Amino acid sequence: MKRIITFGTYDLLHVGHVRLLKRAAALGNHLIVGVSSDELNISKKGRAPVYSTTERMEIVRSLACVDDVFVEHSLEAKGDYILEHKADALVMGDDWEGRFDMFKDLCEVIYLPRTEGISTTYLISSISDRKAVTGGI
Ligand code: C2G
């Protein structure tokens, strides 16, 4: 049994998220996802997610490739989460390349290529542009 852990906000779930989660799941037998809290996003990114922590957790939990979800309250607590969930490997998109190498003494650390051309930030601006074109209806 190989347990994989990964972390993310997963706001406005899109194919980039789903592909990352499917590829992470395929590296083991059990996928655990730390979904970052609204407070964590506000403090680190300066904006609240569109969907709340509870909604984002419900959406991620409903994916067939996901076995378990929990709230990620702190970016710095990854070592504790890895130990608590008995993870054998930490998987992240390569926008985080090198950032979690300090956990290599706790578990394997794997960075996977991101999907090009899609992001939550892009979706938010693209949706608001459409609203402007249609007069906000
Ligand atoms: N991702 C991807 N391709 C994209 C967008 C995202 O592969 N086009 C991946 C990211 O690399 C990440 C996961 O999907 O591994 C979740 O992305 P975000 O929701 O943007 O999460 P993020 O804000 O990077 O995580 O400890 C990390 C924090 O929880 C924040």
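Structural data are supplied above this passage.
The following paragraphs examine the structure supplied in this document. Because the structure is predicted, anything quoted here is derived from the model rather than measured.

Here we look at unusual backbone geometry
Backbone geometry places Tyr 10, a non-glycine residue, at a positive phi of 55 degrees. Take Tyr 10: it is sitting in the loop between strand S1 (3-8) and helix H1 (15-26). The phi angle at Lys 86 is positive, at roughly 50 degrees, despite the residue not being glycine. Mapped onto the elements of the fold, Lys 86 is located in the loop between helix H4 (78-84) and strand S4 (89-93).

Looking at the side chain of Thr 6
Tracing the backbone through its elements, the reader meets Thr 6 in strand S1. Contacts of Thr 6, omitting those with residues within four sequence positions, involve Leu 20, Leu 21, Leu 31, Ile 32, Val 33, Gly 34, Val 91 and Met 92.

What to know about the nonpolar core
One recurring pattern in soluble globular proteins: nonpolar side chains tend to sit buried together. Within the largest apolar cluster, 19 residues are counted, with the highest numbers of intra-cluster contacts made by Tyr 10, Leu 21, Leu 31, Val 33, Val 60 and Val 66. When contributions to this core are tallied by element, the ones reaching two or more residues are H1, strand S2 (30-36), helix H3 (53-61), S4 and strand S5 (108-112). If one sorts the elements of this core by residue count, H1 sits on top with four residues. Other than its neighbours up to four places away in sequence, Val 60 contacts Tyr 10, Leu 21, Val 33, Val 35, Val 66 and Val 69. One finds Ile 82, Phe 100, Phe 103 and Tyr 111 within the second-largest nonpolar core, a separate group that totals 15 residues.

Considering the site of the ligand
In the vicinity of the ligand lie 20 residues, with Lys 45, Glu 72, Lys 78, Asp 95 and Ile 118 positioned nearest. Between the ligand and the protein, one listed contact pairs an oxygen atom with a side-chain N or O atom of Lys 78 at 2.6 Å. More than half of the atoms of the ligand fall within 2 Å of the grid points belonging to the largest pocket. Put simply, the parts of the chain that give the shell around the ligand at least two residues each are S1, H1 and S4. No other element matches the three residues that H1 contributes to the shell around the ligand. Tallied by class, the residues present in the shell around the ligand amount to seven nonpolar, eight polar and five charged.

Criteria and cut-off values
Residues numbered from 1 in each chain as written. Predicted model: local features only at pLDDT ≥ 70, side-chain atom pairs only at ≥ 80, totals over all residues. Heavy atoms only, no water. Helix = DSSP H or I, 4+ residues; strand = E, 2+ residues; numbered from the N terminus. Contact = heavy atoms within 4.5 Å. Core = buried A, V, L, I, M, F, W, Y, C linked by side-chain atoms within 4.5 Å. Buried < 20%, exposed > 50% of the residue type's maximum accessible area, 1.4 Å probe, protein only. Near = heavy atom within 4 Å. Polar contact = N/O pair within 3.5 Å; in protein donor to acceptor, adjacent residues only side chain to side chain. 1 Å grid on protein atoms, 1.4 Å probe; cavity = no way out; pocket = protein on both sides within 12 Å on 5 of 7 lines; lining within 4 Å. Sits in = over half its atoms within 2 Å of the grid points. Nonpolar A, V, L, I, M, F, W, Y, C, P; charged D, E, K, R; others polar.

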